[in-house]
Amino acid sequence: NVPEDQADKLLLASWGLPKAVLKKYHSLGVVQMFEWQAECLMLGQVLEGKNLVYSAPTSAGKTLVAELLILKRVLETGKKALLILPFVSVAKEKKCYLQ
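Residues numbered from 1 in each chain as written. Predicted model: local features only at pLDDT ≥ 70, side-chain atom pairs only at ≥ 80, totals over all residues. Heavy atoms only, no water.

Taking an unreviewed UniProt entry as the reference, the protein is identified by name as DPOLQ polymerase belonging to Malurus elegans.

Shown next, in the form of structure tokens:
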């Protein structure tokens, strides 16, 4: 569980993302995360590039965690990222979405 003093970490706006990124998520109805998603992002040194392995059912929100990690690392380091997706249709959707 997310500690009470870090409850603001459930809000996407608290993760230092650019306004344009937040606006896109908000337009899709994504304003905050589930507790388990915020917990994943707060584990160890995940935001500094350390590995994270997590498992959740289909449509539980795994992709949001991956997207936030990728976006933060790319924006903070200026490096490129590789996002591997299972289907061409999903890859095309994410390409448009992340551009």
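Draft legend 1. Region of interest: the overall build of the protein. The number of helices and strands found in the protein is 4 helices and 0 strands. The globule rule puts the C-alpha radius of gyration for 99 residues at 13 Å, and the 13 Å found for the protein is close to it. Within the protein, the fraction of its 99 residues that count as buried is 25%. In the protein, once contacts between residues fewer than 6 apart in sequence are set aside, the share between residues at least 24 apart is 56%. Counting only carbon and sulfur atoms, one obtains 57% of the accessible surface of the protein, whose full area is about 7100 Å². Between the mean site of the 13 positive side-chain charges and the mean site of the 9 negative ones, the protein shows a separation of 15 Å. (Helix = DSSP H or I, 4+ residues; strand = E, 2+ residues; numbered from the N terminus. Rg over C-alpha atoms; globule rule 2.2 N^0.38 Å. Buried < 20%, exposed > 50% of the residue type's maximum accessible area, 1.4 Å probe, protein only. Contact = heavy atoms within 4.5 Å. Areas by Shrake-Rupley, 256 points an atom, 1.4 Å probe, with all protein chains shown as cover. Lys, Arg positive; Asp, Glu negative; His and termini not counted. Charge placed at Lys NZ, Arg CZ, Asp CG, Glu CD.)

Draft legend 2. Representation of the UniProt feature "domain: DEAD/DEAH-box helicase" (unreviewed entry) in the protein in the model. Mapped onto this numbering, the UniProt entry annotates "domain: DEAD/DEAH-box helicase" (unreviewed entry) at residues 44-93. As annotated, residues 44-93 has a helix share of 44% and a strand share of 0%, and its two end C-alpha atoms lie 31 Å apart. (UniProt positions renumbered as here; feature names shortened; annotations may be inferred.)

Draft legend 3. Quick look at helix H2 (residues 35-42). Among all positions in H2, only Gln37, Ala38, Cys40 and Leu41 are buried. Seen from one end, H2 has its buried residues packed into an arc of 155°, which puts them on one side. On its buried side, H2 packs onto helix H3 (62-77). The positive-phi residue at the C-terminal boundary of H2 is Gly44, with phi of around 45°. (Arc of directions from axis to C-beta.)

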